[in-house]
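Listed below are the residues making up each chain.
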Amino acid sequence: MAMKGNKLYSILRMKCPKCHEGDLFEDKNPYHLKKIAAMPEKCPHCGESFSREPGFYFGAAYVSYGLTVALWIAILVALLTFNALGWIEYGFFSHPVVFIVTGIASLILLLPLIYRLSRSIWISMFVKYDEEAGQAQKQQA
């Protein structure tokens, strides 16, 4: 797993991109649908604002689109690989329903994760890691 100081660490663990300590979302479970988008206004450790400006997270829709396309491509590659290994019978033009049903089912199951991951990626693109950010907050307490 990536270590602190690496963008991948804050993205995959959904931590504050500035201090890598505070949680980006109030509830760690992405499948708790009532709190899927609940984010604190500031990081509890370093005070970094998570609500940067109105409409900031609309850009995460582009990231979400890219992740969704990657998911569909991964499903297609997996189906073609399983067909080549002889585990299933699949052809893109002869069995399109298998691809569509598998893709939609996977997308529905992974939608809360994709939503949160896209927000995490989006804010991490604009906030730089600061090793001293979390330590300064601890010294004040």
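Structural data are supplied above this passage.
None of these values were measured; they are calculated from a predicted model. (Residues numbered from 1 in each chain as written. Predicted model: local features only at pLDDT ≥ 70, side-chain atom pairs only at ≥ 80, totals over all residues. Heavy atoms only, no water.)

Trainee: Looking at this structure, how should I read the packing of aromatic side chains?
Mentor: Pairs of aromatic rings are described using the distance from one ring centre to the other and the angle between the two planes. Tallied over the full model, the rule gives eight aromatic pairs. Ring pairs connect the aromatic residues Phe56, Tyr57, Trp122 and Phe126, which therefore count as one cluster. The aromatic ring of Tyr57 is capped on one face by Arg119, whose charged end is 4.4 Å from the ring centroid. (Phe/Tyr/Trp six-rings, centres within 6.5 Å; stacked < 30°, edge-to-face > 60°. Lys NZ or Arg CZ within 6 Å of the ring centre and 35° of its normal.)

Trainee: Would you mind showing me how to read helix α2 (residues 60-85) here?
Mentor: Because the α-helix completes a turn every 3.6 residues, residues three or four places apart line up on one side. Over its 26 residues, α2 extends 37 Å from the first C-alpha to the last, a length consistent with the 38 Å expected when each residue adds 1.5 Å. Among all positions of α2, only Ala60, Val63, Ser64, Thr68, Leu71, Ile75 and Leu79 are buried. Against α3 (96-126) lie the buried residues of α2. Once α2 finishes, Gly86 follows within two positions and takes phi at roughly 85°, a positive value. (Helix = DSSP H or I, 4+ residues; strand = E, 2+ residues; numbered from the N terminus. Expected span 1.5 Å × (residues − 1). Buried < 20%, exposed > 50% of the residue type's maximum accessible area, 1.4 Å probe, protein only. Contact = heavy atoms within 4.5 Å.)

Trainee: I would appreciate a short explanation of the pattern of salt bridges in the present structure.
Mentor: Working definition: two side chains of opposite charge can pair if their charged atoms are close together. Under the counting rule described, the total for this entry stands at four salt bridges. Asp23 is the salt-bridge partner of Lys15, the closest N and O atoms lying 2.8 Å from each other. Assessed through its relative accessible area of 25%, Asp23 is described here as partly exposed. By sharing partners, the salt bridges in this structure join Lys15, Asp23 and Lys28 into a single network. (Salt bridge = Lys/Arg side-chain N within 4 Å of Asp/Glu carboxyl O.)

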